[in-house]
Amino acid sequence: MASFQFGNAKEIEKAPLIADLKNQTSGHGHRAGSETWTCAFAPNRSYFAWSCGNRLVRLVPWDAYRNTVAVQANVNRNADHQNEDNGHNGNNNYLNQIRTIDCGEIVWAVAFGSSVPERTRKNVHIHYTRFHCGSSEELVLATGLNSGRIKTWDIHKGELLHYLIDHKEVIRDLSFAPDGSLMLVSASRDKTLKVWDLNDDGNMAITLKGHPKWVFGCCFSPDTKLLVSVGSNKSIILWKVVSLPKDIHLWKRLEGHYNDVVSCKFSPDGALLATCSWDTRVILWDPYTGEQLKTFGHVYPPPSPIFAGGANDTWVRDVAFSPDGSHIATVADDKYVRFWSIFQDDLPEQIAVVPNGLCCAFSPGGGVLATGSRNGNVFFFAAPMKVQKLQHLCRIALRRLMHNTQKIDKLFIPNSLKEFLKYKA
């Protein structure tokens, strides 16, 4: 496997490219309007969606068994060409499942939601909610648009379900509540977040105010008890979700970044929060105490607070948490995608080269990272996959039950074990 070396640092392995989706409809390279600002995997592993520029969102079948796109084809062919393609080994069926949705304007955000949650028993007295992994008929795709409007779609028919109007500026991010309630949160440049109830004809339930400027990202915790939002002016806000859709209030602000914060993700067990910023850093937080646990720097030496806004060739654009909770991935303007282990600092475990990368997302089963670029293309890389230690698996299981770190401090266990459960050891 190829490797890279930064200065005198040790060699770092290159993550292998396993598939790509090329967008050639525009023919204008990196012209504004052709960007892949966002990409997402369906929670039941049936589809991958991305904004490929020129007002279009495309959905490609995802082969969960092989953990890759179900067909290697030019996805820019129109439906007639797709139907004429004979394919091999059933690829023609997959080609017929490719969906192209014209949203009418530039798409900045996409998110999948499901209406059917499923209670799954993982162990004695341990329950958690996940999306239904059966029929994909319950899936809804939400798209956030340049005008501040939101459209939701039936992904199989390509039909418009809801047309949500209330934001005044660009929708920068969308997040569905992971409890199957079809509650949708939108983050906008109009300084607000809004909660929409798709089960109630998409009615807007509440507007959340607290950001001084643009809101770049939002994300629910796995238990739907917390909502985090990030934005301009170094702002990170944690919202306490007492009950959806209307009982949500500002809980605390996190301080530590030196520049605009543009993306945020919770770990699968909800115990950690990752935020990335144009200050070239990713910070791993304990969202319940507000403590910074780790910092992953993309510039060595790291810039001081005074100069953190000037290194725009190394801005970090997006961050994603692996499904096993052991790695995060980042996309930066220095043309590198980095895979970091949360168990170590300093250097990434693997890297890949993606010029003009803008967004990233792990496949639901792990092992694959999708990265969208400024010209509408998407690249799929094999992410680090290791058999996790039993200690880490036990920690994830316990933290699913005890999200709040203060509860761990009350346990009658050795302090060293408390530190381990709080990701400090």
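In this text, all values refer to a predicted model and were calculated from it rather than measured experimentally. (Residues numbered from 1 in each chain as written. Predicted model: local features only at pLDDT ≥ 70, side-chain atom pairs only at ≥ 80, totals over all residues. Heavy atoms only, no water.)

Draft legend 1. Up close: the sheet that holds strand β13 (residues 150-154). Strand order in the open sheet formed by four strands is β9-β12-β13-β14, and the pairing between neighbours is antiparallel. Because the sheet does not close on itself, it has two edges, and the strands there are β9 (107-114) and β14 (159-164). Averaged over neighbouring strand pairs, the angle between their axes works out to 25 degrees when direction is ignored. In this structure, β9 lies alongside strand β12 (residues 139-145), joined through seven bridges in antiparallel fashion. Considered in β12, the bridge of Val107 is made with Leu145. (Pairing = 2+ DSSP bridges. Helix = DSSP H or I, 4+ residues; strand = E, 2+ residues; numbered from the N terminus. Axes fitted to C-alpha atoms, helices over the stretch in contact; angles between N-to-C directions.)

Draft legend 2. Examining the layout of surface pockets more closely. The computed volume of the second largest pocket comes to approximately 220 Å³. Phe343, Gln388, Lys389, His392 and Arg395 are the residues nearest the centre of the second largest pocket, which is lined by 14 residues in total. (1 Å grid on protein atoms, 1.4 Å probe; cavity = no way out; pocket = protein on both sides within 12 Å on 5 of 7 lines; lining within 4 Å. Points joined across faces, edges and corners; volume = space filled by probe spheres on them.)

Draft legend 3. Summary view of empty space enclosed by the protein. Going through the model one piece at a time under the given rule, you end up with two cavities of 30 Å³ or more. Taken as a whole, the largest cavity spans an internal volume of roughly 40 Å³. Together, Gly33, Glu35, Trp37, Ser51, Gly53, Asn54, Arg55, Leu56, Ile106 and Val107 line the largest cavity. Of the residues assigned to the lining of the largest cavity, the class counts are four nonpolar, four polar and two charged. (Nonpolar A, V, L, I, M, F, W, Y, C, P; charged D, E, K, R; others polar.)

Draft legend 4. Looking closely at the sheet that holds strand β31 (residues 357-362). Spatially, four strands are ordered β3-β33-β32-β31 in an open sheet, and the strand pairing comes out antiparallel. Strands with a single pairing partner mark the edges of an open sheet, and in this sheet they are β3 (17-21) and β31. Taking the axes of each pair of neighbouring strands and ignoring which way they run, one obtains an average angle of 20 degrees across the sheet. In this sheet, strand β33 (residues 378-382) lies alongside β3 in antiparallel orientation, the contact comprising four bridges. Its bridge partner lying in β33, Ala19 is registered against Phe380.

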